[in-house]
Amino acid sequence: MTRPVTARVPAKVNVQLAVGGLRPDGFHDLANVFLAVGLHDEVTATPADSLRLTVEGADAGQVPLDRTNLAARAASALAERHGIAPDVHLHIAKDIPVAGGMAGGSADAAGALLACDALWGTKATRAELLEICADLGSDIPFSLVGGVALGRGRGELLTPLETGGTFHWVFAVADGGLSTPAVYRECDRLREASGAGASAADVPEPEPSEALLDALRTGDATALAAAVSNDLQPAALSLRPALADTLRAGADAGALASLVSGSGPTCAFLAKDTEAAQAVAGALTASGTCRTVRITSGPVPGARLVGA
Ligand SMILES: C[C@@](CO)(OP(=O)(O)O)[C@H](O)COP(=O)(O)OP(=O)(O)OC[C@H]1O[C@@H](n2ccc(N)nc2=O)[C@H](O)[C@@H]1O
Ligand SMILES: Nc1ncnc2c1ncn2[C@@H]1O[C@H](COP(=O)(O)OP(=O)(O)O)[C@@H](O)[C@H]1O
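The text that follows walks through the structure, step by step, so that each part is easy to find. These figures come from a predicted structure and were not determined experimentally.

### Focus: the sheet that holds strand β9 (residues 257-260)
Item 1. Read across the sheet, four strands follow the order β9-β10-β7-β11 without closing on themselves; strand pairing throughout is antiparallel. Each edge of the sheet is formed by a strand with only one pairing partner; in this case those strands are β9 and β11 (292-298). Strand-to-strand twist of the sheet, defined as the mean angle between neighbouring strand axes without regard to direction, takes the value 25°.
Item 2. Examined bridge by bridge, β9 and strand β10 (residues 267-271) share four bridges and lie antiparallel to one another. Residue pairing for β10: Ser-258 is matched across the bridge by Phe-269.
Item 3. Across the sheet, helix α9 (residues 243-252) touches β7 (167-173), β9 and β10, and the angle it forms with β10 is around 10°.

Structure representation (structure tokens):
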């Protein structure tokens with residue numbers, strides 16, 4: 001009997017999310033600077049007679065258990081490429097908020113790929129794994145790679161970035177998620193409504209900020225705070241106006257930067273150090289403007305096999 005294999009995969013925050021115009025294929029070109037943070041899901045693959053999925057964790061009830069689950073889709077994609085049956089029991093220990101703009105589903109897909117590859121002995125190359133990731137979702141290659149990286153195209157074309165230190169983060173998890181496609185649609189709607197237009201012809205090519213890349217390179221949290229940006233934030237706030245209260249509560253408590261994480265509704269706060277992070281977390285909890293508060297740091301590595 002083959003032993004179970006577990007992969008551990010981090011969440012992400014987008015320190016820059018520059019969104020270009022709507023492309024004919026329904027996606028948007030991005031300059032997406034991902035930073036992996038220390039909230040993790042664990043995916044365990046165990047031999048089974050068919051593809052089976054179980055999930056544990058506070059948000060487990062919000063995770064689909066059918067074949068639409070990204071972890072199940074990842075296992076199926078790997079099996080299909082190698083001409084084998086996707087017979088595996090995948091168990092997800094979920095700690096990343098669901099539909100929170102922190103790439104939890106993407107993490108599970110990357111984790112399932114790594115764990116199944118090891119369990120089945122399919123020995124996929126890194127390039128093959130990255131290709132499967134990109135086919136399944138724009139954010140999934142980053143879940144595999146981790147650290148800090150610039151995502152171009154729809155976010156799947158990654159260039160790893162240098163970082164000079166660890167950044168301290170507080171995350172305010174909201175009640176209920178936001179749908180990523182709905183937030184992109186709202187971004188387009190707001191652009192149309194402003195008269196600027198939302199197509200690739202109307203919106204300038206998204207570019208990474210030099211100030212942001214410098215701040216990451218030097219590990220300067222104050223400089224990073226001044227450079228963070230998220231073009232999806234107005235859309236997330238438009239769909240969930242109460243997030244403004246959460247952002248304000250963190251800013252009032254001394255966060256260096258307060259921003260929506262990706263498509264939201266999780267809000268991210270950059271703090272000077274661990275003590276400042278604790279103060280921000282305390283104030284956010286007391287404010288009653290979010291469901292849970294998490295303190296962590298990053299960058300951290302991408303998907304890894306546990307015990308390997
Ligand atoms: C916004 C971001 C920021 O990192 O993530 P979240 O904050 O939701 O985690 C990503 O762009 C989300 O990536 P991901 O969740 O993998 O999206 P996908 O499955 O590839 O696409 C889902 C849908 O989002 C929209 N989409 C996604 C990526 C992109 N560059 N342009 C888009 O317009 C499209 O409507 C697409 O059909
Ligand atoms: N393994 C998974 N974990 C969480 N959500 C999943 C998973 N597989 C599919 N989904 C679907 O993807 C949606 C987005 O989930 P998630 O990746 O957590 O959020 P986000 O895209 O905001 O980072 C969920 O609402 C859920 O329907």
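Resuming the write-up.
### Let's talk about the packing of helix α1 (residues 70-81) against helix α3 (residues 126-136)
Item 1. As a packed pair, α1 and α3 sit with axes 10 Å apart at the nearest point and diverge in direction by 130°. Relative to α3, the element α1 lies oblique. In this structure, the crossing between α1 and α3 has a hand that is right-handed. Residue-level contacts link Leu-70, Arg-73, Ala-74, Ala-77, Leu-78 and Arg-81 of α1 to Glu-128, Glu-131, Ile-132, Asp-135 and Leu-136 of α3.
Item 2. When grouped by side-chain class, the residues that make up the contact of α1 with α3 number six nonpolar, no polar and five charged.

### Brief notes about the site of ligand 2
Item 1. Of all residues adjacent to ligand 2, which total 18 residues, the nearest are Ala-99, Gly-101, Ala-103, Gly-105 and Asp-108.
Item 2. Contact between ligand 2 and Gly-101: an oxygen atom at 2.8 Å from a main-chain N or O atom of the residue.
Item 3. With respect to ligand 2, the side chain of Asp-108 contributes an N or O atom lying 2.8 Å from a nitrogen atom.
Item 4. When grouped by side-chain class, the residues that make up the shell around ligand 2 number eight nonpolar, eight polar and two charged.

### Concerning the site of ligand 1
Item 1. Around ligand 1 there are 21 residues in total, and His-28, Ser-138, Thr-180, Tyr-184 and Ser-263 lie nearest to it.
Item 2. Within the side chain of Asn-32, an N or O atom sits 3.1 Å from an oxygen atom of ligand 1.
Item 3. Contacts to ligand 1 include Ser-138, whose side-chain N or O atom sits 2.5 Å from an oxygen atom.
Item 4. When isolated, ligand 1 has an accessible area of 700 Å², and the protein chains bury 83% of it.

### Regarding the packing of aromatic side chains
Item 1. Summed over all chains, the structure comprises two aromatic pairs.
Item 2. Note on Phe-34 and Phe-142: the rings are 4.6 Å apart at their centroids and 10° apart in plane angle, and the pair reads as stacked. You can see Phe-34 sitting in strand β2 (residues 28-47) and its partner Phe-142 sitting in helix α4 (residues 140-145), a full 108 residues away along the chain.
Item 3. Phe-34 sits in the buried class, given a relative accessible area of 0%.
Item 4. Considering the side-chain rings of Trp-169 and Phe-171, the 6.2 Å spacing of their centres and the 20° angle between planes classify their relative orientation as stacked.
Item 5. Accessibility expressed as a relative area gives 0% for Trp-169, which makes it buried.
Item 6. With relative accessibility at 0%, the residue Phe-171 sits in the buried group.
Item 7. If you follow Arg-154 out to its NZ or CZ, it ends over the ring of Phe-27, 5.2 Å from the centre.

### Considering α9
Item 1. Inspection of α9 places Leu-243, Thr-246, Leu-247, Ala-249 and Gly-250 among the buried residues, and these make up the whole buried set. Viewed along the axis of α9, the buried residues span an arc of 160°, placing them on a single side of the element.
Item 2. Those residues of α9 hidden inside the fold are in contact with β7, α8 (233-239), β9, β10 and α10 (274-287).

Thresholds applied
- Residues numbered from 1 in each chain as written.
- Chains lettered and ligands numbered in written order.
- Predicted model: local features only at pLDDT ≥ 70, side-chain atom pairs only at ≥ 80, totals over all residues.
- Heavy atoms only, no water.
- Pairing = 2+ DSSP bridges.
- Helix = DSSP H or I, 4+ residues; strand = E, 2+ residues; numbered from the N terminus.
- Axes fitted to C-alpha atoms, helices over the stretch in contact; angles between N-to-C directions.
- Contact = heavy atoms within 4.5 Å.
- Parallel < 35°, antiparallel > 145°, perpendicular 65-115°, else oblique.
- Left-handed = near helix turned anticlockwise from the far one by under 90°.
- Nonpolar A, V, L, I, M, F, W, Y, C, P; charged D, E, K, R; others polar.
- Near = heavy atom within 4 Å.
- Polar contact = N/O pair within 3.5 Å; in protein donor to acceptor, adjacent residues only side chain to side chain.
- Areas by Shrake-Rupley, 256 points an atom, 1.4 Å probe, with all protein chains shown as cover.
- Phe/Tyr/Trp six-rings, centres within 6.5 Å; stacked < 30°, edge-to-face > 60°.
- Buried < 20%, exposed > 50% of the residue type's maximum accessible area, 1.4 Å probe, protein only.
- Lys NZ or Arg CZ within 6 Å of the ring centre and 35° of its normal.
- Arc of directions from axis to C-beta.

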